[in-house]
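As a plain string of letters, each chain reads:
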Amino acid sequence: MKTAVIILAAGKGTRMKSEKAKVLHEIGGKPILYYVLDASRRLEADKTIVVVGHQSDTVKEVFSGKGLVFVEQKEQLGTGHAVMQAEKALKGFKGNILILSGDVPLITLETLKGLMDHHSKEKATLTVLTAEPENPYGYGRIIKDAGGNIKKIVEEKDASAVERKVREINTGIYCVASEFMFKALKGIKPKNAQKEYYLTDIVRIAVKNKKKAATYKTADFKEAMGINSRLELAEAELIQRTRTLGELMKNGVTIIDPACTYISPSVRISADTIVFPGSMISGQTAIGKGTIIGPGCVISDAKIGDDVNIKAYSVIDKSEIEDGAFIGPMAHVRPESVIKKGAHIGNFVEVKKSKIGIGSKANHLSYIGDATIGKGVNIGAGTITCNYDGVKKHQTMIEDNVFVGSDTQLVAPVRIGKGSLIGAGTTVTEDVPEGSLVLSRVRQLTKEGLAKKYLRRKG
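Source: prediction; values computed, not measured.

### Focus: the environment of Asn 309
In this fold, Asn 309 is placed in strand β21 (residues 309-310). Residues Asn 309 and Ile 327, spaced 18 residues apart in sequence, show a C-alpha to C-alpha distance of 6.2 Å. Dropping the residues within four chain positions of it, Asn 309 is found in contact with Ile 292, Ala 325, Phe 326 and Ile 327.

Structure below.
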(Lines give C-alpha, C1' and ligand atoms only; values in the text may rest on other atoms or scores of the structure.)
Protein backbone atom coordinates (compact mmCIF):
# COMPACT_ATOMS: atom_id res chain seq x y z
CA MET A 1 0.00 0.00 0.00
CA LYS A 2 1.21 3.51 -0.80
CA THR A 3 2.33 5.83 1.98
CA ALA A 4 2.36 9.61 2.12
CA VAL A 5 3.97 11.58 4.93
CA ILE A 6 2.75 14.93 6.25
CA ILE A 7 5.22 16.75 8.51
CA LEU A 8 3.87 19.62 10.60
CA ALA A 9 6.57 22.29 10.73
CA ALA A 10 4.69 25.59 10.79
CA GLY A 11 5.07 26.57 14.45
CA LYS A 12 7.14 29.49 15.72
CA GLY A 13 8.11 27.88 19.00
CA THR A 14 7.41 30.78 21.34
CA ARG A 15 9.10 29.12 24.32
CA MET A 16 12.36 28.91 22.40
CA LYS A 17 12.59 32.70 22.81
CA SER A 18 14.11 32.95 19.34
CA GLU A 19 13.59 34.72 16.03
CA LYS A 20 14.55 31.46 14.31
CA ALA A 21 11.86 28.95 13.35
CA LYS A 22 11.78 26.14 15.91
CA VAL A 23 12.46 23.37 13.38
CA LEU A 24 15.68 25.12 12.28
CA HIS A 25 17.32 24.95 15.69
CA GLU A 26 20.02 22.31 15.65
CA ILE A 27 20.94 19.15 17.47
CA GLY A 28 24.03 17.22 16.46
CA GLY A 29 24.87 19.91 13.92
CA LYS A 30 21.63 19.41 11.96
CA PRO A 31 18.25 21.22 12.09
CA ILE A 32 15.57 19.48 14.14
CA LEU A 33 13.48 18.99 11.01
CA TYR A 34 16.37 17.16 9.29
CA TYR A 35 15.90 14.12 11.54
CA VAL A 36 12.17 13.86 10.88
CA LEU A 37 12.76 14.17 7.14
CA ASP A 38 15.49 11.55 7.33
CA ALA A 39 13.09 9.10 8.98
CA SER A 40 10.56 9.81 6.22
CA ARG A 41 13.21 9.27 3.53
CA ARG A 42 14.25 5.92 4.99
CA LEU A 43 10.59 4.83 5.05
CA GLU A 44 10.66 5.32 1.28
CA ALA A 45 7.37 7.19 1.35
CA ASP A 46 5.71 7.85 -1.99
CA LYS A 47 5.24 11.52 -1.17
CA THR A 48 6.43 13.81 1.63
CA ILE A 49 4.60 17.05 2.35
CA VAL A 50 5.96 19.65 4.76
CA VAL A 51 3.50 22.14 6.23
CA VAL A 52 5.39 25.40 6.83
CA GLY A 53 4.37 28.69 8.39
CA HIS A 54 6.73 30.76 10.51
CA GLN A 55 9.76 31.72 8.40
CA SER A 56 8.43 29.50 5.63
CA ASP A 57 10.82 30.88 3.00
CA THR A 58 13.85 30.11 5.16
CA VAL A 59 12.65 26.59 5.92
CA LYS A 60 12.03 25.95 2.21
CA GLU A 61 15.49 27.27 1.33
CA VAL A 62 17.25 25.08 3.90
CA PHE A 63 15.49 21.93 2.67
CA SER A 64 15.20 22.71 -1.04
CA GLY A 65 16.20 20.11 -3.61
CA LYS A 66 15.11 17.14 -1.50
CA GLY A 67 11.99 16.16 -3.44
CA LEU A 68 9.63 17.65 -0.86
CA VAL A 69 6.25 19.28 -1.40
CA PHE A 70 5.78 22.42 0.73
CA VAL A 71 2.37 23.78 1.68
CA GLU A 72 1.82 26.85 3.80
CA GLN A 73 -0.31 27.33 6.91
CA LYS A 74 -0.68 31.11 6.89
CA GLU A 75 -2.68 31.24 10.13
CA GLN A 76 -1.70 29.10 13.10
CA LEU A 77 -5.12 27.59 13.89
CA GLY A 78 -4.05 24.23 15.29
CA THR A 79 -2.77 20.86 14.16
CA GLY A 80 -5.99 19.88 12.44
CA HIS A 81 -5.94 23.08 10.42
CA ALA A 82 -2.28 22.42 9.53
CA VAL A 83 -3.09 18.98 8.09
CA MET A 84 -6.00 20.47 6.11
CA GLN A 85 -3.47 22.52 4.12
CA ALA A 86 -2.10 19.30 2.59
CA GLU A 87 -5.43 18.20 1.08
CA LYS A 88 -4.80 19.73 -2.34
CA ALA A 89 -1.30 18.24 -2.55
CA LEU A 90 -2.76 14.78 -1.83
CA LYS A 91 -5.70 14.97 -4.20
CA GLY A 92 -6.31 11.51 -5.67
CA PHE A 93 -3.88 9.79 -3.28
CA LYS A 94 -5.04 6.43 -1.91
CA GLY A 95 -3.16 4.72 0.87
CA ASN A 96 -1.95 5.45 4.38
CA ILE A 97 -0.96 8.91 5.56
CA LEU A 98 1.69 9.14 8.25
CA ILE A 99 1.47 12.41 10.18
CA LEU A 100 4.65 13.50 11.95
CA SER A 101 5.60 16.52 14.02
CA GLY A 102 8.55 18.50 12.71
CA ASP A 103 9.84 19.06 16.25
CA VAL A 104 10.21 15.37 17.22
CA PRO A 105 13.76 14.59 16.05
CA LEU A 106 14.39 11.50 18.18
CA ILE A 107 11.77 9.29 16.56
CA THR A 108 13.32 6.13 15.13
CA LEU A 109 12.68 4.32 11.89
CA GLU A 110 11.98 1.13 13.86
CA THR A 111 9.16 2.78 15.81
CA LEU A 112 7.56 4.26 12.70
CA LYS A 113 7.69 0.90 10.94
CA GLY A 114 6.20 -0.72 14.04
CA LEU A 115 3.36 1.82 14.02
CA MET A 116 2.58 1.22 10.36
CA ASP A 117 2.81 -2.56 10.65
CA HIS A 118 0.44 -2.47 13.64
CA HIS A 119 -1.95 -0.24 11.67
CA SER A 120 -2.03 -2.79 8.84
CA LYS A 121 -2.28 -5.81 11.15
CA GLU A 122 -5.25 -4.28 12.99
CA LYS A 123 -6.88 -3.24 9.72
CA ALA A 124 -7.30 0.12 11.40
CA THR A 125 -8.63 3.31 9.88
CA LEU A 126 -6.54 5.32 12.31
CA THR A 127 -3.66 4.40 14.63
CA VAL A 128 -2.13 6.73 17.22
CA LEU A 129 1.44 6.41 18.46
CA THR A 130 1.32 6.68 22.25
CA ALA A 131 3.84 6.73 25.08
CA GLU A 132 3.83 6.60 28.86
CA PRO A 133 6.14 9.15 30.49
CA GLU A 134 6.66 9.39 34.23
CA ASN A 135 5.13 12.86 34.17
CA PRO A 136 2.44 13.28 31.48
CA TYR A 137 1.81 16.96 32.28
CA GLY A 138 1.19 19.06 29.18
CA TYR A 139 0.37 16.17 26.87
CA GLY A 140 -2.97 15.03 25.48
CA ARG A 141 -4.25 11.94 27.31
CA ILE A 142 -5.36 8.70 25.65
CA ILE A 143 -8.80 7.90 27.01
CA LYS A 144 -9.89 4.28 26.55
CA ASP A 145 -13.02 2.28 27.28
CA ALA A 146 -13.24 -0.70 29.63
CA GLY A 147 -12.10 -3.01 26.84
CA GLY A 148 -8.90 -1.02 26.27
CA ASN A 149 -10.06 0.56 23.03
CA ILE A 150 -9.29 4.22 22.41
CA LYS A 151 -12.32 6.50 22.70
CA LYS A 152 -10.74 9.94 22.38
CA ILE A 153 -7.74 12.13 23.07
CA VAL A 154 -8.15 14.96 25.57
CA GLU A 155 -5.71 17.87 25.69
CA GLU A 156 -4.27 18.90 29.06
CA LYS A 157 -6.21 22.18 29.21
CA ASP A 158 -9.50 20.45 28.39
CA ALA A 159 -9.01 17.38 30.62
CA SER A 160 -10.92 16.70 33.82
CA ALA A 161 -9.11 15.88 37.07
CA VAL A 162 -9.72 12.15 36.46
CA GLU A 163 -8.49 12.33 32.86
CA ARG A 164 -5.30 14.10 33.94
CA LYS A 165 -4.39 11.05 36.03
CA VAL A 166 -4.05 8.97 32.84
CA ARG A 167 -0.37 8.48 32.01
CA GLU A 168 -0.66 7.24 28.44
CA ILE A 169 -0.21 10.24 26.17
CA ASN A 170 -0.59 11.22 22.54
CA THR A 171 2.76 11.72 20.76
CA GLY A 172 1.21 13.65 17.86
CA ILE A 173 2.15 10.90 15.40
CA TYR A 174 -0.62 9.12 13.49
CA CYS A 175 -1.16 6.66 10.68
CA VAL A 176 -4.50 7.35 8.96
CA ALA A 177 -6.31 5.91 5.95
CA SER A 178 -6.43 8.62 3.28
CA GLU A 179 -10.10 8.06 2.35
CA PHE A 180 -11.10 8.77 5.96
CA MET A 181 -8.75 11.57 6.98
CA PHE A 182 -9.83 14.61 4.99
CA LYS A 183 -13.52 13.76 5.42
CA ALA A 184 -12.95 13.60 9.18
CA LEU A 185 -11.05 16.90 9.20
CA LYS A 186 -14.09 18.66 7.75
CA GLY A 187 -16.01 17.57 10.85
CA ILE A 188 -13.74 19.09 13.51
CA LYS A 189 -14.65 22.37 15.23
CA PRO A 190 -12.56 24.75 17.38
CA LYS A 191 -14.67 24.11 20.48
CA ASN A 192 -11.89 23.94 23.07
CA ALA A 193 -9.87 26.08 25.45
CA GLN A 194 -7.39 27.01 22.70
CA LYS A 195 -10.07 27.81 20.08
CA GLU A 196 -8.08 25.67 17.63
CA TYR A 197 -8.80 22.84 15.21
CA TYR A 198 -7.40 19.83 17.05
CA LEU A 199 -6.16 16.95 14.91
CA THR A 200 -6.89 14.73 17.91
CA ASP A 201 -10.62 15.14 17.22
CA ILE A 202 -10.38 12.72 14.28
CA VAL A 203 -10.11 9.92 16.86
CA ARG A 204 -13.49 10.86 18.33
CA ILE A 205 -14.94 11.06 14.80
CA ALA A 206 -13.55 7.63 13.88
CA VAL A 207 -15.07 6.06 17.01
CA LYS A 208 -18.40 7.81 16.43
CA ASN A 209 -18.52 6.43 12.87
CA LYS A 210 -17.54 2.94 14.06
CA LYS A 211 -14.19 3.03 12.27
CA LYS A 212 -11.37 0.97 13.71
CA ALA A 213 -9.11 3.19 15.89
CA ALA A 214 -5.99 1.67 17.41
CA THR A 215 -2.98 2.65 19.49
CA TYR A 216 0.64 1.60 19.28
CA LYS A 217 2.83 2.38 22.28
CA THR A 218 6.52 3.17 21.96
CA ALA A 219 8.66 1.66 24.71
CA ASP A 220 10.81 4.78 24.95
CA PHE A 221 8.95 8.02 25.59
CA LYS A 222 12.05 10.05 24.73
CA GLU A 223 11.61 9.09 21.07
CA ALA A 224 8.43 11.15 20.97
CA MET A 225 9.75 14.10 22.95
CA GLY A 226 8.85 17.38 21.27
CA ILE A 227 11.31 20.28 21.33
CA ASN A 228 9.60 23.35 22.74
CA SER A 229 12.32 25.02 24.80
CA ARG A 230 16.08 25.43 25.01
CA LEU A 231 16.12 22.94 27.88
CA GLU A 232 14.39 20.29 25.75
CA LEU A 233 16.76 21.13 22.89
CA ALA A 234 19.72 20.37 25.18
CA GLU A 235 18.08 17.14 26.40
CA ALA A 236 17.55 16.00 22.81
CA GLU A 237 21.14 16.90 21.94
CA LEU A 238 22.39 14.68 24.75
CA ILE A 239 20.16 11.76 23.74
CA GLN A 240 21.14 12.03 20.07
CA ARG A 241 24.82 12.29 20.96
CA THR A 242 24.59 9.25 23.22
CA ARG A 243 22.98 7.26 20.40
CA THR A 244 25.65 8.34 17.92
CA LEU A 245 28.58 7.59 20.21
CA GLY A 246 27.04 4.28 21.20
CA GLU A 247 26.84 3.17 17.55
CA LEU A 248 30.44 4.22 16.93
CA MET A 249 31.74 2.33 19.98
CA LYS A 250 29.69 -0.71 19.03
CA ASN A 251 31.47 -0.65 15.66
CA GLY A 252 34.98 -0.54 17.13
CA VAL A 253 35.73 3.15 17.72
CA THR A 254 37.26 4.10 21.08
CA ILE A 255 35.65 7.16 22.68
CA ILE A 256 37.74 7.97 25.76
CA ASP A 257 35.05 10.07 27.48
CA PRO A 258 31.61 10.06 25.81
CA ALA A 259 30.36 12.78 28.16
CA CYS A 260 32.87 15.23 26.67
CA THR A 261 32.89 14.18 23.01
CA TYR A 262 30.64 15.67 20.33
CA ILE A 263 30.15 13.77 17.07
CA SER A 264 27.34 14.41 14.57
CA PRO A 265 25.26 11.46 13.33
CA SER A 266 26.45 12.13 9.77
CA VAL A 267 30.10 11.41 10.67
CA ARG A 268 31.62 8.04 9.67
CA ILE A 269 34.55 6.61 11.65
CA SER A 270 36.29 3.27 11.08
CA ALA A 271 37.37 0.74 13.70
CA ASP A 272 40.40 1.21 15.96
CA THR A 273 40.30 4.98 15.73
CA ILE A 274 40.59 6.73 19.10
CA VAL A 275 38.79 9.99 19.91
CA PHE A 276 39.96 11.92 22.96
CA PRO A 277 37.76 14.18 25.12
CA GLY A 278 36.67 17.64 24.03
CA SER A 279 36.71 16.85 20.31
CA MET A 280 33.91 18.11 18.07
CA ILE A 281 33.48 16.26 14.75
CA SER A 282 30.67 17.27 12.42
CA GLY A 283 29.27 17.41 8.90
CA GLN A 284 30.12 14.83 6.26
CA THR A 285 33.40 13.89 7.91
CA ALA A 286 34.83 10.44 7.19
CA ILE A 287 37.72 9.09 9.28
CA GLY A 288 39.70 5.96 8.50
CA LYS A 289 40.96 3.19 10.78
CA GLY A 290 43.68 3.47 13.41
CA THR A 291 43.58 7.26 13.50
CA ILE A 292 44.06 9.27 16.70
CA ILE A 293 41.99 12.40 17.28
CA GLY A 294 43.63 14.26 20.16
CA PRO A 295 41.83 16.29 22.82
CA GLY A 296 39.95 19.43 21.85
CA CYS A 297 40.10 18.96 18.08
CA VAL A 298 37.44 20.55 15.86
CA ILE A 299 36.85 18.72 12.57
CA SER A 300 34.11 19.44 10.03
CA ASP A 301 33.36 18.08 6.55
CA ALA A 302 36.82 16.50 6.32
CA LYS A 303 38.14 13.31 4.77
CA ILE A 304 40.77 11.74 7.01
CA GLY A 305 42.67 8.59 6.13
CA ASP A 306 44.09 5.66 8.10
CA ASP A 307 46.70 5.98 10.86
CA VAL A 308 46.56 9.77 10.94
CA ASN A 309 47.70 11.47 14.15
CA ILE A 310 45.79 14.67 14.85
CA LYS A 311 47.22 16.21 17.98
CA ALA A 312 45.52 18.40 20.57
CA TYR A 313 43.44 21.46 19.69
CA SER A 314 43.83 21.27 15.94
CA VAL A 315 41.13 22.54 13.56
CA ILE A 316 40.39 20.88 10.19
CA ASP A 317 37.66 22.20 7.90
CA LYS A 318 36.58 20.91 4.45
CA SER A 319 39.97 19.37 3.74
CA GLU A 320 41.58 15.99 3.10
CA ILE A 321 44.25 14.38 5.28
CA GLU A 322 45.82 11.28 3.75
CA ASP A 323 47.12 8.13 5.46
CA GLY A 324 49.86 8.48 8.05
CA ALA A 325 49.90 12.28 8.17
CA PHE A 326 50.62 14.23 11.38
CA ILE A 327 48.60 17.33 12.25
CA GLY A 328 49.20 19.65 15.20
CA PRO A 329 49.15 20.32 18.01
CA MET A 330 47.23 23.56 17.50
CA ALA A 331 47.34 23.46 13.70
CA HIS A 332 44.67 24.96 11.46
CA VAL A 333 43.89 23.27 8.15
CA ARG A 334 41.46 25.51 6.30
CA PRO A 335 39.12 24.59 3.42
CA GLU A 336 40.30 23.09 0.12
CA SER A 337 43.59 21.82 1.51
CA VAL A 338 45.09 18.38 0.90
CA ILE A 339 47.74 17.00 3.24
CA LYS A 340 49.34 14.08 1.43
CA LYS A 341 50.53 10.78 2.84
CA GLY A 342 53.01 11.05 5.71
CA ALA A 343 53.16 14.86 5.66
CA HIS A 344 53.59 16.85 8.90
CA ILE A 345 51.70 20.03 9.75
CA GLY A 346 52.89 21.05 13.19
CA ASN A 347 52.60 23.56 16.01
CA PHE A 348 50.68 26.73 15.12
CA VAL A 349 50.87 26.08 11.38
CA GLU A 350 48.01 27.37 9.22
CA VAL A 351 47.31 25.85 5.81
CA LYS A 352 44.75 27.34 3.45
CA LYS A 353 43.71 26.10 -0.01
CA SER A 354 47.02 24.31 -0.43
CA LYS A 355 48.43 20.90 -1.29
CA ILE A 356 51.22 19.57 0.91
CA GLY A 357 53.14 16.75 -0.80
CA ILE A 358 54.06 13.27 0.43
CA GLY A 359 56.40 13.38 3.41
CA SER A 360 56.72 17.18 3.42
CA LYS A 361 56.97 19.01 6.73
CA ALA A 362 55.93 22.38 8.10
CA ASN A 363 56.46 21.81 11.80
CA HIS A 364 56.43 25.27 13.37
CA LEU A 365 54.69 28.64 13.23
CA SER A 366 54.12 28.98 9.48
CA TYR A 367 51.41 30.15 7.09
CA ILE A 368 50.92 28.29 3.81
CA GLY A 369 48.20 29.71 1.60
CA ASP A 370 47.32 29.12 -2.06
CA ALA A 371 50.36 26.92 -2.47
CA THR A 372 51.31 23.62 -4.06
CA ILE A 373 54.18 21.92 -2.25
CA GLY A 374 55.90 18.84 -3.66
CA LYS A 375 57.16 15.79 -1.82
CA GLY A 376 60.01 15.79 0.70
CA VAL A 377 59.90 19.56 1.25
CA ASN A 378 60.98 21.14 4.55
CA ILE A 379 59.28 24.40 5.51
CA GLY A 380 61.25 26.14 8.26
CA ALA A 381 59.70 27.86 11.27
CA GLY A 382 58.14 31.25 10.62
CA THR A 383 57.81 30.79 6.86
CA ILE A 384 55.04 32.71 5.11
CA THR A 385 53.60 32.44 1.63
CA CYS A 386 52.69 36.06 0.88
CA ASN A 387 49.74 35.14 -1.33
CA TYR A 388 47.59 38.29 -1.22
CA ASP A 389 48.55 41.61 -2.78
CA GLY A 390 45.50 43.48 -1.52
CA VAL A 391 43.52 42.80 -4.68
CA LYS A 392 43.86 39.11 -5.58
CA LYS A 393 45.41 35.85 -4.38
CA HIS A 394 48.51 34.40 -6.07
CA GLN A 395 50.02 30.93 -6.20
CA THR A 396 53.25 29.65 -4.68
CA MET A 397 54.79 26.50 -6.24
CA ILE A 398 57.47 24.58 -4.34
CA GLU A 399 58.81 21.55 -6.16
CA ASP A 400 60.14 18.30 -4.66
CA ASN A 401 62.94 18.13 -2.06
CA VAL A 402 63.23 21.88 -1.48
CA PHE A 403 64.59 23.09 1.87
CA VAL A 404 63.11 26.40 3.02
CA GLY A 405 64.95 27.95 5.95
CA SER A 406 63.28 29.64 8.90
CA ASP A 407 61.74 33.11 8.67
CA THR A 408 61.38 33.01 4.89
CA GLN A 409 58.86 35.07 2.95
CA LEU A 410 57.74 33.67 -0.40
CA VAL A 411 56.13 36.54 -2.31
CA ALA A 412 53.66 35.02 -4.77
CA PRO A 413 53.40 34.40 -7.62
CA VAL A 414 56.65 32.46 -7.33
CA ARG A 415 58.03 29.01 -8.18
CA ILE A 416 60.88 27.28 -6.30
CA GLY A 417 62.64 24.70 -8.44
CA LYS A 418 63.32 21.12 -7.40
CA GLY A 419 66.10 20.50 -4.87
CA SER A 420 66.70 24.19 -4.10
CA LEU A 421 67.86 25.60 -0.76
CA ILE A 422 66.40 28.84 0.60
CA GLY A 423 68.52 30.34 3.37
CA ALA A 424 66.94 31.46 6.64
CA GLY A 425 65.62 35.02 6.65
CA THR A 426 65.29 35.21 2.86
CA THR A 427 62.58 37.11 1.00
CA VAL A 428 61.96 35.37 -2.32
CA THR A 429 60.41 37.58 -5.01
CA GLU A 430 61.53 35.79 -8.18
CA ASP A 431 61.32 32.25 -9.52
CA VAL A 432 64.16 30.00 -8.36
CA PRO A 433 65.77 27.58 -10.86
CA GLU A 434 66.18 23.92 -9.95
CA GLY A 435 69.03 23.15 -7.52
CA SER A 436 69.71 26.79 -6.56
CA LEU A 437 70.83 28.38 -3.29
CA VAL A 438 68.95 31.59 -2.50
CA LEU A 439 70.04 34.19 0.08
CA SER A 440 68.74 37.74 0.47
CA ARG A 441 70.00 38.82 3.87
CA VAL A 442 71.40 42.22 4.78
CA ARG A 443 75.08 41.81 5.65
CA GLN A 444 75.60 41.51 9.42
CA LEU A 445 77.32 44.51 11.05
CA THR A 446 79.19 43.85 14.33
CA LYS A 447 80.59 46.68 16.52
CA GLU A 448 82.70 45.12 19.28
CA GLY A 449 82.34 46.65 22.76
CA LEU A 450 79.48 48.96 21.79
CA ALA A 451 76.89 47.06 23.83
CA LYS A 452 78.46 48.11 27.17
CA LYS A 453 78.41 51.81 26.22
CA TYR A 454 74.78 51.52 25.13
CA LEU A 455 73.69 49.80 28.35
CA ARG A 456 75.48 52.39 30.51
CA ARG A 457 73.78 55.22 28.63
CA LYS A 458 70.39 53.51 28.98
CA GLY A 459 70.91 53.05 32.73
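### Brief notes about a nonpolar patch on the surface
A cluster of nonpolar residues, Tyr 313, Met 330, Phe 348 and Leu 365, forms a patch on the protein surface that exposes about 450 Å² of accessible area. Within the secondary structure, Met 330 is located in the loop between β24 (326-327) and β25 (332-333). Looking at Met 330, the relative accessible area reads 38%, which means it is partly exposed.

### Quick look at the packing of helix α6 (residues 178-185) against helix α7 (residues 201-208)
Between α6 and α7, the shortest axis-to-axis distance is 10 Å and the interhelical angle comes to 110°. It follows from the interaxial angle that α6 and α7 lie roughly perpendicular. Of α7, the residues touching α6 (which contributes Phe 180, Ala 184 and Leu 185) are Ile 202, Ile 205 and Ala 206. By residue class, the composition of the contact of α6 with α7 is six nonpolar, no polar and no charged.

### Some details on the sheet that holds strand β20 (residues 303-304)
With parallel pairing, the nine strands of this open sheet are ordered in space as β14-β17-β20-β23-β26-β29-β32-β35-β38. With one partner strand each, in any of the chains shown, β14 (268-269) and β38 (414-416) form the two edges of the open sheet. Across three bridges, strand β35 (residues 396-398) lies against β38 in parallel orientation. Across the sheet, the residue bridging to Thr 396 is Val 414, located in β38.

What counts, and at which threshold
- Residues numbered from 1 in each chain as written.
- Predicted model: local features only at pLDDT ≥ 70, side-chain atom pairs only at ≥ 80, totals over all residues.
- Heavy atoms only, no water.
- Helix = DSSP H or I, 4+ residues; strand = E, 2+ residues; numbered from the N terminus.
- Contact = heavy atoms within 4.5 Å.
- Patch = residues over 30% accessible without salt bridge, like charges linked within 9 Å, V, L, I, M, F, W, Y side chains within 5 Å.
- Areas by Shrake-Rupley, 256 points an atom, 1.4 Å probe, with all protein chains shown as cover.
- Salt bridge = Lys/Arg side-chain N within 4 Å of Asp/Glu carboxyl O.
- Buried < 20%, exposed > 50% of the residue type's maximum accessible area, 1.4 Å probe, protein only.
- Axes fitted to C-alpha atoms, helices over the stretch in contact; angles between N-to-C directions.
- Parallel < 35°, antiparallel > 145°, perpendicular 65-115°, else oblique.
- Nonpolar A, V, L, I, M, F, W, Y, C, P; charged D, E, K, R; others polar.
- Pairing = 2+ DSSP bridges.

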